[in-house]
Amino acid sequence: MSSIWIYLAIVIWFAFGALISWQARKRLGKGIAEYFLANRKIGSVIGAFTLSTTVYSAFMMIGLVGLVYKTGIGAFGFEIVFLVASLVLLAIFIPRFWIAGKKYGYVTPAELLGDRYQNRAIAVIVAIIFIVTLIPYTSVQLMGAGLLAETLSGGGIPYWLGSLILPIIAFIYAWWAGMRSVAWTDALQGTIMLVGSLALLGFIAIYLFPEGMFTTIAASFPEKLKFTWGFNMWLGLTLPWIFFMLLIPQVSQRFFILKDVKSIRGMIIGFGIFGLIYTVLVTIFGLAALHIVPGLEVADQAMPSLLSLVPTALALTIAISIFAASVSTINSIVLSLSSIVGRDIYRALSPTISENRELFWGKMLIPIMFLVAWGFAQLKLGMIGILSTMSSGGLMSILPALIGAFFWKRGTAAAVIASSIPSVIVIGWFYIAGLKPLGIWPPVWGLIISTVIYVVVSYLTRPPEKAGEFVDYTKNWQANAKALKE
Amino acid sequence: MKARELQLILALVVLIILTFVMSFTVLKDTATFGGGFLFFLLVPVATIIYIAIYMTKSWKEHLK
């Protein structure tokens, strides 16, 4: 496909997003909560779209399609376990995050942990863990975009340039009007993702599988319809994914942005429906690619190769839908990380800092984060799916601290510090060295280590005075929401 | 944690165990779309319906 078509499609798509972002800019008020949380006024529909598109990224159309291509139906099961667990955890945790945000004015999840445990160092440590683990995750999005642009254009758009265009677009959306702009443009990106995928499904079903897709695949690749994953792979990939929604800050920060309980319900149901449709479509594409482009050595090339066989207009639509998935994820990550640096790191170093100054430094970090992620993407490390899981795996180190914050009054600051640091080091070390002691994957070891240390040290140290108040307040969120409303 | 939330967690645990058991037994040998694909499709559909009912009933005071 000619590079000109791709550039033209990107310009048109960007123009629509910029128009929406401009509208958001007109409504931008003053202050940190306004910029980073849209003043906690987001409703059901936008909430559902921004959550869904932040979670479902280029990983789906490139990484998961590749994983289905390589490992068959097991990848679908893995993604479904993620969706089901997420829905249940969202119904329990969103109201607690939301009410805590309303009551104590939290802007970031690291700030919540630091305040609950009454220790500023915790906010700093968690912020650093977020930054370290999210750089590879952001770069995964850029890798997907670079790979796709290069393949579709037949090398006309080099990988480095393809992976640079998206961060520039995402930077503009995020920088211009913060969360409101990001959330509104996410609704556009989500619509493009669904429309593009449905169009591809229609084309594949009608033109590439005239005798019936399911029958053809069941006959040609029966082994891909069997569950062939090993237990340790299943556990190692699924476990961090189950808790992904709670641990990734750009997701958990969205729990603060909703305006009321109706919006919480709408966000959760909307996310469930979006996630189900998108996951099913992506799985079908992975299975279809087995028949249409068999024998690929690099599984992540399945979707780009598939697109090289469909009409130009459709291929462009799908490519834009994948770019949309990437942009909606990376602008959320960078916006979230910049708020975390401003609030949790800069404020810790300079406690008397004004809100304007904090906002200034937070925004300054946005382009720097994009550049670092782009640089990391140039290394082209590993399979996209595995790299994404590695990022969420590193965050398993803070899971006991997060659950304990809401449900265990005994949990202490010393326990959080003592458990999260060694755990994240072990997870990172095992991943980098390729270690899987007893065949068990790094995130599982990380979770075991952090849980044991967190519980033992909590029993040996004194919990902060605020612990009881915080746990009770968030537990009784319904009564407190009513009181706040009145 | 409240009783209804515990029920929700219990339902999640049951679903994950069911998915795990099915994956490593029946679905290991079933190469049809009526096998793994259909099973993995029905699990989230059931969950979405269950969660929607749970939220509507448990949070009804706030949804008026």
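Cut-off values and rules
Residues numbered from 1 in each chain as written. Chains lettered and ligands numbered in written order. Predicted model: local features only at pLDDT ≥ 70, side-chain atom pairs only at ≥ 80, totals over all residues. Heavy atoms only, no water. Contact = heavy atoms within 4.5 Å. Buried area = accessible area lost by both parts, 1.4 Å probe. Salt bridge = Lys/Arg side-chain N within 4 Å of Asp/Glu carboxyl O. Polar contact = N/O pair within 3.5 Å; in protein donor to acceptor, adjacent residues only side chain to side chain. Helix = DSSP H or I, 4+ residues; strand = E, 2+ residues; numbered from the N terminus. Nonpolar A, V, L, I, M, F, W, Y, C, P; charged D, E, K, R; others polar. Core = buried A, V, L, I, M, F, W, Y, C linked by side-chain atoms within 4.5 Å. Buried < 20%, exposed > 50% of the residue type's maximum accessible area, 1.4 Å probe, protein only. 1 Å grid on protein atoms, 1.4 Å probe; cavity = no way out; pocket = protein on both sides within 12 Å on 5 of 7 lines; lining within 4 Å. Points joined across faces, edges and corners; volume = space filled by probe spheres on them. pLDDT = per-residue confidence, 0-100. Patch = residues over 30% accessible without salt bridge, like charges linked within 9 Å, V, L, I, M, F, W, Y side chains within 5 Å. Areas by Shrake-Rupley, 256 points an atom, 1.4 Å probe, with all protein chains shown as cover. Lys, Arg positive; Asp, Glu negative; His and termini not counted. Charge placed at Lys NZ, Arg CZ, Asp CG, Glu CD. Axes fitted to C-alpha atoms, helices over the stretch in contact; angles between N-to-C directions. Parallel < 35°, antiparallel > 145°, perpendicular 65-115°, else oblique.

Undergrad: Whenever I open this one, the interface of chain B and chain A confuses me. Can you help?
TA: How big an interface is tends to be expressed through the accessible area that disappears when the partners come together. If you look at the interface, chain B gives 39 residues, while chain A gives 46 residues. Between chain B and chain A lies a buried interface of about 3900 Å² when both sides are counted; carbon and sulfur atoms form 79% of it. Its largest share of buried area at the contact with chain A, chain B owes to B:Phe33, B:Trp59 and B:His62, together 18% of the area lost on that side. Linking chain B with chain A are two salt bridges, by the criterion used here. The salt bridge partner of B:Glu5 is A:Arg96, with a shortest N-O separation of 2.7 Å. At the surface where chain B touches chain A, the tally comes to five residue pairs in polar contact (both at pLDDT 80 or more). Looking at the side of chain B that touches chain A element by element, the count peaks at 16 residues for helix H2 (residues 33-58) of chain B. Class assignment of the residues belonging to the side of chain B that touches chain A gives a composition of 24 nonpolar, nine polar and six charged.

Undergrad: Please clarify how the nonpolar core should be interpreted in this entry.
TA: Across soluble globular proteins, you tend to see nonpolar side chains buried next to one another. Residues and elements named next belong to chain A. Membership of the largest hydrophobic core comes to 200 residues, with the highest contact counts inside it found for Trp13, Tyr56, Ile268, Phe271, Tyr278, Met303 and Leu307. Ranked by residue count, the leading element in this core is helix H5 (residues 74-104), at 21 residues. When residues no more than four places from it in sequence are discounted, the contact partners of tyrosine 278 are Tyr56, Met60, Met61, Met193, Leu194, Ser197 and Ala325.

Undergrad: How do you make sense of empty space enclosed by the protein when you look at a structure like this?
TA: Summary: where empty space remains is shown by rolling a probe the size of a single water molecule over the atoms. All names here are of chain A. Evaluation of the coordinates by the stated rule reveals one cavity of 30 Å³ or more. The calculated volume of the largest cavity comes to roughly 60 Å³. Around the largest cavity, the lining residues are Val55, Tyr56, Ser57, Phe59, Met60, Glu79, Phe82, Tyr137, Trp241 and Phe244. Grouping the constituent residues of the lining of the largest cavity by class yields eight nonpolar, one polar and one charged.

Undergrad: Help me understand the confidence of the model for chain B, please; the structure alone is not making it clear to me.
TA: Reading fine detail from the predicted coordinates is not recommended where pLDDT is low. Confidence in the prediction of chain B, expressed as mean pLDDT, is 85, and 98% of residues score 70 or more. Both confidence scores are given for the complex: pTM 0.92, ipTM 0.92.

Undergrad: I would appreciate a short explanation of a positive patch on the surface in the present structure.
TA: Residues and elements named next belong to chain B. Together, Arg4, Lys57, Lys60 and Lys64 line one region of the surface with positive charge. Structurally, the position occupied by arginine 4 is in helix H1 (residues 3-24). Overall, arginine 4 belongs to the partly exposed group, its relative accessible area being 43%.

Undergrad: Sorry, what's going on with the packing of helix H4 (residues 58-71) of chain A against helix H15 (residues 312-349) of chain A here?
TA: To describe two helices that pack against each other, one gives the angle between their axes and the distance between the axes. Residues and elements named next belong to chain A. In the contact formed by H4 and H15, the axes pass within 6 Å of each other and the chain directions differ by 115°. Our classification of the angle between H4 and H15 gives roughly perpendicular. Together, Ala58, Met61 and Ile62 of H4 and Ile318, Ser321, Ile322, Ala325 and Ser326 of H15 make up the contact between the two elements. Split into classes, the residues belonging to the contact of H4 with H15 amount to six nonpolar, two polar and no charged.

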